[in-house]
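Report on the structure
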Amino acid sequence: MTSPFLFHSLDVGPRLSARKFHICRLYDVLELSLLRNEFTRARKAWAILARCKEIHWTTIWTTAVRVLGDETFDGHDSNKKIAFLREMMLQLPDKRETILKEIILRNIMAGQFRKALDELELYLPSFPYQDDPVLHNYAGLLALYLSQSSISGDDDVLNHSVLRAQVHFQGARALDSDNVIAAHFLSHIHKMTDQVGNSDRDSDDDLMEVDIHETIPQPQRKRVRLHEDHIS
């Protein structure tokens, strides 16, 4: 039998009463409004649905994020939605990892790379985040990306950023031995560090050669004065 509803993700139980029929129809209005970017209508539909006892609104938090507004991914848009997602992390402890990934992605899309990495490194040492290879990959990619801004700057900062990326990729590889992303970037980091090491050794050789020439005194050639015989 064909369903009279456009969207089937809403579970209101096996028996469809008149009330549940209207709830499902209102959910169709909500989803269609979001697809058409009609956020005023979507918010009105959401405001009604969130008050219905049949609707567990915390289980459709991804829809709630979309209701907050268009995906502009600017600073204001991201901060508003990230604040909501943080609240969802408290309400849905079993979805914390998924919600954290959403927070990180929104920071990245808004160009807030340093903030995204700081957020990850705040949570990664603790359970259950430390057992998620995807979060380690995100941290590694962010650290490697941020290291590019240090290429023309302080070498110590660059080395520290690359080391942070390497540690995160190694963490992802330890949790998932078949992790292609971690394996690829670890190989890239190893090649990069080998090139830097070879360059440093060449520089040391050049410096040693200069030091040798400057340290060992070179024999000085004696100047010979020629005396002309005077003919009387």
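Residues numbered from 1 in each chain as written. Predicted model: local features only at pLDDT ≥ 70, side-chain atom pairs only at ≥ 80, totals over all residues. Heavy atoms only, no water.

1. Considerations on the nonpolar core
- Within the largest apolar cluster, 45 residues are counted, with the highest numbers of intra-cluster contacts made by Leu 30, Leu 49, Trp 61, Ile 99, Leu 120 and Phe 169.
- Counting residues per element, this core draws most heavily on helix α7 (residues 133-147), at six residues.
- Those residues in contact with Leu 30 that sit more than four places away from it in its chain are Ala 42, Ala 45, Trp 46, Leu 49, Thr 63 and Val 67. (Core = buried A, V, L, I, M, F, W, Y, C linked by side-chain atoms within 4.5 Å. Buried < 20%, exposed > 50% of the residue type's maximum accessible area, 1.4 Å probe, protein only. Helix = DSSP H or I, 4+ residues; strand = E, 2+ residues; numbered from the N terminus. Contact = heavy atoms within 4.5 Å.)

2. So, the pattern of salt bridges
- Per the counting criterion, the structure on display carries eight salt bridges.
- In this structure, Glu 54 engages Arg 19 in a salt bridge whose closest nitrogen and oxygen atoms are separated by 2.7 Å. Of this pair, Glu 54 sits in the loop between α2 (39-49) and α3 (61-67) while Arg 19 sits in helix α1 (residues 18-35), and the two are 35 residues apart along the sequence.
- Overall, Glu 54 belongs to the buried group, its relative accessible area being 16%.
- Assessed through its relative accessible area of 45%, Arg 19 is described here as partly exposed.
- Note that Arg 25 and Asp 28 form a salt bridge whose closest N and O atoms lie 3.5 Å from each other. Residue Arg 25 and its partner Asp 28 are located together in helix α1, separated by three residues, close to a single helical turn.
- You can call Asp 28 buried: its relative accessible area is 3%. (Salt bridge = Lys/Arg side-chain N within 4 Å of Asp/Glu carboxyl O.)

3. Overview of the packing of aromatic side chains
- Tallied over the full model, the rule gives three aromatic pairs.
- On the numbers, 5.1 Å between centres and 65 degrees between planes, the contact of Tyr 123 with Tyr 129 is edge-to-face.
- Under the relative-accessibility criterion, Tyr 129 is labelled buried at 4%.
- Residues Phe 169 and Phe 185 carry aromatic rings whose centres are separated by 5.4 Å and whose planes lie at 10 degrees to one another, so their mutual orientation is stacked. You can see Phe 169 sitting in helix α8 (residues 155-175) and its partner Phe 185 sitting in helix α9 (residues 180-215), a full 16 residues away along the chain. (Phe/Tyr/Trp six-rings, centres within 6.5 Å; stacked < 30°, edge-to-face > 60°.)

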